Amino acid sequence: MTLAAITVAAAQAPKIKLGFAKCAHCLPMSLTPGLAKGVEIEATGFNSGNDVLTALVSKSIDVAQVTYLHYVTALDKGFDVVAVSGQINGGSECISSNKLALPGDDWAAFKAVVAKAKAGGQPLKVAASRGNAQDIHMRGAFLKQGVDPNKDIQFVNIPNPADHFAALQREEIDMVCSVEPFASQIRLNGAGKHFVFPYDQAAGNLTNLIVTRSDVVASQRPGVQAVVGAVVALNEKLSADRGPWIDVINKLTGLDKAVATEALKNAAPDAAIHRSQTLAIAAMMRDLKYISKDVSAEVEKNMEYSFLEQATGKKKNDLGY
Amino acid sequence: MTSAIEVSQVAPVARTFPLSQAVERCVVPLLLIAGWEVFARSGYLPPALLPAPSAVLHALGDWVFGFDETTQTYSGHWTRDALASALRVFGGFALASALGILAGVAIGWSRVFEKTLEPTLQMLRPIPPVSWIPLAIIWFGIANKPAIFLVFLGAFFPVLMNTIHGVKTVDHNLVRAGAMMGATGRQLLTGIVFPAALPSIFSGLRIAIGSAWMLTVTAEMVAVKSGLGYVLWDSYYFLRYDLVLAAMISIGLLGYLSDLGLKAVMARVLHWQSATTVQGRAG
């Protein structure tokens, strides 16, 4: 292709503004512009998923990487969001304080500690960032084990996960369900011990989702298709080699490569959109009064599998439907 | 040519018509609210993204009175949240006032304190309070203490700077007259310099109380369970922009009321000033 032809092609390529949050699971989204074919992606990092979603619904960006919980919350508020691809799942870990001396993955020991603390009038203090994926994963896993997060423990809301480390180190909380790479940082620094990956519940390990708006789907279909293609290509690349992922975390956050490597042990590239688990998340969020109404119908209606089908060559039944 | 004094003479006439003065004060807010309502109802943005003032008022009403639980877990909890924030604000503000005035008087009055204390404090002053959050948690843990510390940081420097300015700009003739009357250094400081610096100190306190309320939003990002700033952040996580705006209005309102309270105290303490200033002349 001649330089002139390349210039013309570039000028004709659709332009998509993409937003992503700055967490270990989200940062690979910054690599999508280099993997995109037939689209010019302008990728912008935001401080939180809420900022990304706000930018999307206010039409500042066209495509957003958020969590499944953001998707459900947005639908509850009547926002126009359409799920077009999954991204990366996992990233939740419950870490107990050293003082608790709780064996890893030992639910029986945990339940005994919870019961003893409750009986003594000092319920176990368990922290998470209210309303994020880790909060939901923790609540679901605890409930499945017969521990009611609203009655049997004292829930402590620490909104910024960067603050989890200090709270656990100061022993102001007994356990935290944190997100990567903060969870790995806590463990590697000896401030706490692994208790459990809280994925044994109806929501599974779902974390990130790629969403857009229906007007973008209508007006920039090729652009959205190219973004989903880039996400699928990115996921295949990351599944084969975690090197670029570690590098991007190291480059964009300044975190040590050892922490990034550790964090990625609890991450699973996954472009599928998981319908049944999303419905479970919506039901949990309603039970917890995080949302005000039943959004099951909207959750299903706003999942658009066609982009993913085209990008992967698979049918939607094989893509989480 | 119109002088400033001539302009100020108009004010007492206006005071005889409190209704018209009230209307004057309400014009701009009412226009803003009407414009906001019209824009919000125009459909340019989804209502959930830009709630109309009526929707915000509804959310605020339910937050305060709990009439239909549309604000879910916050329904009827406004008083608790406002009190929690007020406790943090006034805790931090009181600490900032006491230390700011003490340090400001010391720096303004004594060259030794000026040389030893001021460079450090001036270096700390430009650091944004939000950047202290990690250290605040490490030093004070979670819940109220770091929040009060952050409010303190926001309020301390306005008090300090205004106190230093007030002390340093006291009329030298007053000090000389006191000294000629045989006053000791301590008597000069407590009997002449400090009272003369009070107008400036009160200016600092008024700026500080505003900063303290501003800092509640930052301070309540740290692990607290209640407060207007906490509700603001928590509502943002769940895209409840009506509650976000209701929290902003609540903070603005309480900040305004705090300033009115401070102005009332100032009017009492500085009653001697009313006869000597342009403001006093204007009534």
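Look up a bit, the structure's there.
Keep in mind that what you see is a predicted model, and the values were worked out from it rather than measured.

### Things to note about empty space enclosed by the protein
1) Next: Following the criterion strictly, the structure yields one cavity of 30 Å³ or more and no others.
2) Next: Taken as a whole, the largest cavity encloses approximately 100 Å³ of empty space.
3) Next: Taken together, the residues of the lining of the largest cavity break down into four nonpolar, four polar and four charged.

### Some words on the interface of chain A and chain B
The accessible area lost on association of the parts is a frequent measure of interface size.
1) Next: Taken residue by residue, the interface counts 28 residues in chain A and 26 residues in chain B.
2) Next: Buried surface at the junction of chain A and chain B, both sides included, amounts to about 2,400 Å², of which 59% is carbon and sulfur.
3) Next: Area buried by chain A at its contact with chain B is led by Asn50(A), Phe79(A) and Arg130(A), which between them contribute 23% of it.
4) Next: In this assembly, chain A and chain B are joined by one salt bridge.
5) Next: Put simply, Arg130(A) and Asp234(B) hold a salt bridge, and the shortest N to O gap is 2.3 Å.
6) Next: Between the two partners, chain A and chain B, sit 10 residue pairs in polar contact (both at pLDDT 80 or more).
7) Next: Looking at the side of chain A that touches chain B, the elements that each hand over two or more residues are α3 (49-57), α4 (68-76), β8 (154-157) and α7 (164-169) of chain A.
8) Next: For the side of chain A that touches chain B, the element with the most residues is α3(A), which contributes five residues.
9) Next: Looking at side-chain class alone, the side of chain A that touches chain B contains 13 nonpolar, eight polar and seven charged residues.

### Considering a nonpolar patch on the surface
1) Next: Together, Leu19(B), Val23(B), Val27(B), Val28(B), Leu31(B) and Leu32(B) make up a nonpolar patch on the protein surface, roughly 620 Å² of accessible area in all.
2) Next: Within the secondary structure, Val23(B) is located in helix α3 (residues 18-41).

### Describing helix α6 (residues 111-124) of chain B
For an α-helix, the turn length of 3.6 residues means that residues three or four places apart are oriented alike.
Residue and element names in this part refer to chain B.
1) Next: Look at α6: 20 Å from first C-alpha to last across 14 residues, which is about the 20 Å you get at 1.5 Å a residue.
2) Next: Of all the bends found along α6, the most pronounced is centred on Leu117 and spans about 40 degrees, while Pro119, a proline, follows it within four residues.
3) Next: Looking at where α6 begins, the residue whose side-chain oxygen comes 3.2 Å from the main-chain nitrogen of Val112 is Ser110.

### Points about the sheet that holds β8(A)
All names here are of chain A.
1) Next: Taken in spatial order, the five strands of this open sheet run β8-β7-β9-β6-β10, and their pairing is mixed. Only two strands of the sheet have a single neighbouring strand rather than two, namely β8 and β10 (192-196). Ignoring which end each strand starts from, the neighbouring axes of this sheet average 30 degrees apart.
2) Next: Two elements, strand β6 (residues 92-97) and strand β9 (residues 175-179), share five bridges in a ladder whose sense is antiparallel. The residue of β9 that forms the bridge with Ser92 is Val179.
3) Next: Along the sheet, helix α6 (residues 133-144) contacts β6, β7 (125-128), β8 and β9; its crossing angle with β9, the most-contacted strand, is approximately 135 degrees.

Criteria and thresholds
Residues numbered from 1 in each chain as written. Chains lettered and ligands numbered in written order. Predicted model: local features only at pLDDT ≥ 70, side-chain atom pairs only at ≥ 80, totals over all residues. Heavy atoms only, no water. 1 Å grid on protein atoms, 1.4 Å probe; cavity = no way out; pocket = protein on both sides within 12 Å on 5 of 7 lines; lining within 4 Å. Points joined across faces, edges and corners; volume = space filled by probe spheres on them. Nonpolar A, V, L, I, M, F, W, Y, C, P; charged D, E, K, R; others polar. Contact = heavy atoms within 4.5 Å. Buried area = accessible area lost by both parts, 1.4 Å probe. Salt bridge = Lys/Arg side-chain N within 4 Å of Asp/Glu carboxyl O. Polar contact = N/O pair within 3.5 Å; in protein donor to acceptor, adjacent residues only side chain to side chain. Helix = DSSP H or I, 4+ residues; strand = E, 2+ residues; numbered from the N terminus. Patch = residues over 30% accessible without salt bridge, like charges linked within 9 Å, V, L, I, M, F, W, Y side chains within 5 Å. Areas by Shrake-Rupley, 256 points an atom, 1.4 Å probe, with all protein chains shown as cover. Expected span 1.5 Å × (residues − 1). Bend = angle between axes of the 7 residues up to and from the residue. Pairing = 2+ DSSP bridges. Axes fitted to C-alpha atoms, helices over the stretch in contact; angles between N-to-C directions.

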